[in-house]
Amino acid sequence: MAEPEAFEVYAIRYATVQRTAGENFIGVSDPHEAATDMDYYVWLARNADHSFVIDTGFNEAAARRRKRTFLRSPVEGLAQLGIEAGKVEGVIVTHLHYDHIGNFDLFPKARFHLQDLEMMYATGRHMANRFFAGAYEADEVAEMVRNVYAGRVVFHDGDTELAPGLSLHLVGGHTMGLQVVRLWTRAGWLVLASDASHYADNMNKGLPFPIVHDVGEMIDGWRRMRELVDDERHIIPGHDPIVMEQYPAPDPSLEGIVVRLDTLPENY
Ligand SMILES: [Zn+2]
């Protein structure tokens, strides 16, 4: 069988916030434990035939509301990679939390790839409970429901191949319908974990992130992601500042803004 065309994969950092270790790892509550910043990313995967934006981030107003440090609009970062948000046709939504879908109004031509379970979760009984609802914005979820009626949401029920060398995998855990993205690249198979592992240490030290729907599923998700790659270093955590240190900027002008992920990380 012919190998699929390799994808170039980029992470664009658009916001950051300081967190204590206890906010990032269940079971670590020592206030002396070093704080770990949380970075916010959107991702781009493209090859000669296909281009997908993975998640759309939040905007400046949301950053103010939630007291995050906004660095740049995710859309500006995409523009620096030659991608015009207004023309993007495919957006993969790993899950519907505010920091993953906040700018979808800036993608008027896009269709959104989403798991059945994620929409069910975000519009269902668990949202009556603040613990589960806290990272969702009701208005954004409602807007995504409008997109359903407009024919702009492509639902997936479990694992699916979107294009040769690009597949979506339902892992749940963090939210009921969280999906991760597997990509064929020049460096081999790569998985964008999104919030299946916020930090590399969540999965590497076996410490679940405290915003969680189902801890058992979250832990199974780590095993699932390991099955999807040949080398565990190609599992990219969703919010970890080390991503910016371990991977190179694709161009000196993008230093500190964009890194290219389809390469082996440094200093691992
Ligand atoms: Zn999340």
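The structure contained in this document is the topic of the report that follows. Bear in mind the structure is a predicted one, so any value in this text is a computation, not a measurement. (Residues numbered from 1 in each chain as written. Predicted model: local features only at pLDDT ≥ 70, side-chain atom pairs only at ≥ 80, totals over all residues. Heavy atoms only, no water.)

Every protein donor of the zinc ion is listed here as His 95 (NE2), His 97 (ND1), His 174 (NE2) and Asp 195 (OD), and their distances to the metal cover 2.2 to 2.3 Å. The coordination sphere of the zinc ion comprises four donor atoms, whose angles at the metal cover 85 to 178°; the geometry is irregular. You can call His 174 buried: its relative accessible area is 3%. (Donors = N, O, S within 2.8 Å, 3.2 Å for Na, K, Ca; no water. Tetrahedral: all angles 85-135°; square planar, octahedral: opposite > 155°, others 65-115°. Buried < 20%, exposed > 50% of the residue type's maximum accessible area, 1.4 Å probe, protein only.)

Within the structure shown, the criterion is met by twelve aromatic pairs. Measuring from centroid to centroid gives 5.6 Å for Phe 25 and Tyr 199, while their planes differ by 45°, and the two rings are tilted. Of the two residues, Phe 25 sits in the loop between helix 1 (21–24) and strand 2 (38–46) while Tyr 199 sits in the loop between strand 11 (188–194) and helix 8 (200–204), which places them 174 residues apart along the sequence. Of the residues examined, Tyr 199 reaches a relative accessible area of 2% and is grouped as buried. With a centroid separation of 6.0 Å and 70° between ring planes, the pair formed by Tyr 121 and Tyr 136 is classed as edge-to-face. One end of the pair, Tyr 121, is in helix 5 (residues 116–122); the other, Tyr 136, is in the loop between helix 6 (130–133) and helix 7 (138–149), with 15 residues separating them in the sequence. We note that Tyr 121, like Tyr 136, is buried. (Phe/Tyr/Trp six-rings, centres within 6.5 Å; stacked < 30°, edge-to-face > 60°. Helix = DSSP H or I, 4+ residues; strand = E, 2+ residues; numbered from the N terminus.)

Between side chains of opposite charge, a pair can form when the charged atoms approach closely. Counted according to the given criterion, the structure contains 14 salt bridges. Arg 233 is paired through a salt bridge with Asp 231; the nearest N and O atoms lie 2.9 Å apart. Close ionic contact of Asp 262 with Arg 260 constitutes a salt bridge, the shortest N to O distance being 2.7 Å. The exposure class of Asp 262 is buried, given its relative accessible area of 1%. (Salt bridge = Lys/Arg side-chain N within 4 Å of Asp/Glu carboxyl O.)

Along the chain, the position of Ser 197 falls in the loop between strand 11 and helix 8. For Ser 197, a relative accessible area of 2% corresponds to the buried category. Here the side chain of Ser 197 touches Tyr 199 through a polar contact of 2.7 Å, landing on its backbone oxygen. Excluding residues that lie within four positions of it along the chain, Ser 197 makes contacts with Asn 202, Met 203, Trp 222, Met 225, Pro 237 and Gly 238. (Polar contact = N/O pair within 3.5 Å; in protein donor to acceptor, adjacent residues only side chain to side chain. Contact = heavy atoms within 4.5 Å.)

For the rest of this paragraph, the subject is the side chain of Asn 103. Of note, Asn 103 is situated in the loop between helix 4 (98–101) and strand 6 (111–115). A relative accessible area of 3% means that Asn 103 is categorised as buried. Excluding its chain neighbours within four sequence positions, the residues that come into contact with Asn 103 are Thr 56, Gly 57, Phe 58, Asn 59 and Pro 74.

Once that is clear, we can look at the pairing of strand 10 (residues 179–185). For strand 10, a buried count of seven out of seven residues is recorded, marking the element as mostly surrounded by other parts of the structure. Every second residue of strand 10 is oriented toward a common face, with Gln 179, Val 181, Leu 183 and Thr 185 on one face and Val 180, Arg 182 and Trp 184 on the other, all of them buried. Both strand 10 and strand 11 contribute to a ladder of five bridges, which runs antiparallel. Within strand 11, the position partnered with Leu 183 by the bridge is Leu 190. Connecting strand 10 to the antiparallel partner strand 11 that follows it, the hairpin turn spans two residues. (Pairing = 2+ DSSP bridges.)

Take the sheet that holds strand 10 next. Read from one edge of the open sheet, five strands run 8-9-10-11-12, paired in mixed fashion. Unpaired on one side and paired on the other, strand 8 (160–163) and strand 12 (235–237) mark the two borders of the sheet. Pairs of neighbouring strands in the sheet enclose a mean axial angle of 25°, with direction left out of account. (Axes fitted to C-alpha atoms, helices over the stretch in contact; angles between N-to-C directions.)

Take unusual backbone geometry next. Its identity as a non-glycine residue notwithstanding, Asp 55 has a phi of 70°, on the positive side. Note on placement: Asp 55 falls in the loop between strand 3 (51–54) and helix 2 (60–65). Classification of Asp 55 as buried rests on a relative accessible area of 0%. In this structure, Ser 194 is a non-glycine residue whose phi angle is positive, near 45°.

As a rule of thumb, soluble globular proteins bury nonpolar side chains together. Leu 96, Met 144 and Met 225 are the most contacted members of the largest nonpolar core, which has 60 residues in total. Among the elements that line this core, the one with the most residues is strand 1 (residues 8–17), at five residues. Beyond its immediate stretch of four places on either side in the chain, Met 144 contacts Val 93, Leu 96, Phe 104, Phe 112, Leu 114, Met 119 and Val 153. Counting residues in each nonpolar core, the second largest holds 23 residues, with Val 9, Tyr 41, Phe 52 and Ala 163 among its members. (Core = buried A, V, L, I, M, F, W, Y, C linked by side-chain atoms within 4.5 Å.)

Further remarks concern the environment of Arg 223. Relative to the elements of secondary structure, Arg 223 occurs in helix 9 (residues 215–227). For the pair Arg 223 and Met 203, spaced 20 residues apart in sequence, the C-alpha to C-alpha distance is 8.7 Å.

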